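Coordinate inspection notes
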Amino acid sequence: MTETATVPKIPTLPDAQTVTEVTHWTDRLFSFRVTRPASLRFRSGEFVMIGLMGDNGKPLLRAYSIASPAWDEELEFYSIKVQDGPLTSKLQHIQPGDQIILRPKPVGTLVHDALLPGKRVWFFATGTGIAPFASLIREPQTYEDYDQVILTHTCREVAELEYGRQLVDSVRKDEMLAELMGDGFADKLVYYPTTTREESPKMGRITTLLEDGTVFRDLGITDFGPENDRGMVCGSLPFNLDIKAILEGHGLREGANSEPAEFVVEKAFVG
Ligand code: A2P
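First things first, this report covers the structure right here in the doc. (Residues numbered from 1 in each chain as written. Predicted model: local features only at pLDDT ≥ 70, side-chain atom pairs only at ≥ 80, totals over all residues. Heavy atoms only, no water.)

**Let's talk about the pairing of strand S5 (residues 74-80)**
Using the following cut-off: Note on exposure labels: buried denotes an accessible area under 20% of the residue type's maximum, exposed denotes more than 50%, and partly exposed covers the range between, all computed with a 1.4 Å probe on protein chains only. Helix and strand assignments follow DSSP, with helices taken as H or I runs no shorter than four residues and strands as E runs no shorter than two, numbered in order from the N terminus. Here a strand pair is declared whenever DSSP counts at least two bridges between the two strands.
Most of S5 sits out of view: six of its seven residues are buried. Pairing analysis gives seven bridges linking strand S2 (residues 29-35) to S5, with the strands arranged antiparallel. Bridge pairing in S5 links Arg33 to Glu76.

**A word on the sheet that holds strand S1 (residues 16-26)**
What counts is decided by this rule: The angle between two axes is taken between their N-to-C directions and runs from 0 to 180 degrees, where each axis is a line fitted to C-alpha atoms and a helix contributes only its stretch in contact. Note on contacts: a residue pair is in contact if any heavy atoms of the two residues lie within 4.5 Å.
Across the sheet, which stays open at both edges, the six strands sit in the order S4-S3-S6-S1-S2-S5 with antiparallel pairing between neighbours. Only two strands of the sheet have a single partner each, and these edge strands are strand S4 (59-65) and S5. Averaged over all neighbouring strand pairs, the angle between strand axes comes to 35 degrees, with direction disregarded. In the packing of helix H4 (residues 162-173) onto the sheet, contacts are made with S1, S2 and S5, and the angle to S1 comes to roughly 105 degrees.

**Some details on the packing of aromatic side chains**
Just so we agree on the cut-off: In summary, the pairing rule links any two rings of Phe, Tyr or Trp, Trp by its six-membered ring, whose centres are within 6.5 Å, and it sorts them by plane angle into stacked for under 30 degrees, edge-to-face for over 60 and tilted for everything else.
Using the criterion set out here, one finds eleven aromatic pairs in the structure. Look at Phe123 and Phe133: their rings are 4.8 Å apart centre to centre, the planes differ by 5 degrees, and that puts the pair in the stacked class. Of this pair, Phe123 sits in strand S7 (residues 120-126) while Phe133 is found in helix H2 (residues 131-136), placing the two residues ten residues apart along the sequence. Seen from their ring centres, Phe216 and Phe224 are 4.9 Å apart, and the 40 degrees between their planes marks the pair as tilted. The pair formed by Phe216 and Phe224 is uniform in burial state, with each residue classed as buried. Every member of this aromatic cluster is reached through a ring pair, and the members are Phe30, Phe32, Tyr64 and Phe77.

This is how it looks when you write it as structure tokens:
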């Protein structure tokens, strides 16, 4: 009888990346940064599958928009924490030095190539749907392509706006970004945060504020339409459908990578 040599099993994580930073924004929201695979090329606004090893030894992966811009040497993600969510119940406990799985195959429709040239680009987000726009407002092409970049973010409570608010502040002040994106880029960026369940300077769903004309009055826009305006939409399914109907009501058509038009839509990661 021959003896079979047993090779000690070394646990290996496929496509492992190391967590470098974690920030908890509220008891339901956190962001984190991880190392970037040298081979990963993506367009700002795209998403990848990330996750952890499940209890059954199989990877547990979900789609996450990359919140960092394409030029950043690390990758940033912005996530909800769902206490009984299969992935986020565990992911919310990651610490710097831990590893996550990242499949380096970026995809998505919220990319500049899917839009025809225009004067203004609108980024419409609710909740964690701001993530792809966190990437796009740090992307030089955004400011090369448009005269005005309008980021709307609707959340239930003020604290849920904080990630976006700090990001917009840091983008406007960042000297390296100014060098990358050209002088005056910060003046092109318009931030329009709203809350629905807690008092703040601007209350209401962005859909309501678009329908009753408040947004256009606030921003001094009198010519919203397919000639000038382009949109990217990222939120819950009902939100996406409502914004889509509003944009179509103004004559904008939905586009895709293969057929650019006036707006594009993607569902935010949930759970
Ligand atoms: P509301 O508080 O009126 O439901 P959620 O946390 O449920 O994903 O919602 C995030 C934000 O998006 C909330 O402010 C919520 O407003 C808003 N919202 C949810 N559904 C829609 C929709 N269909 N149209 C516009 N805003 C929406």
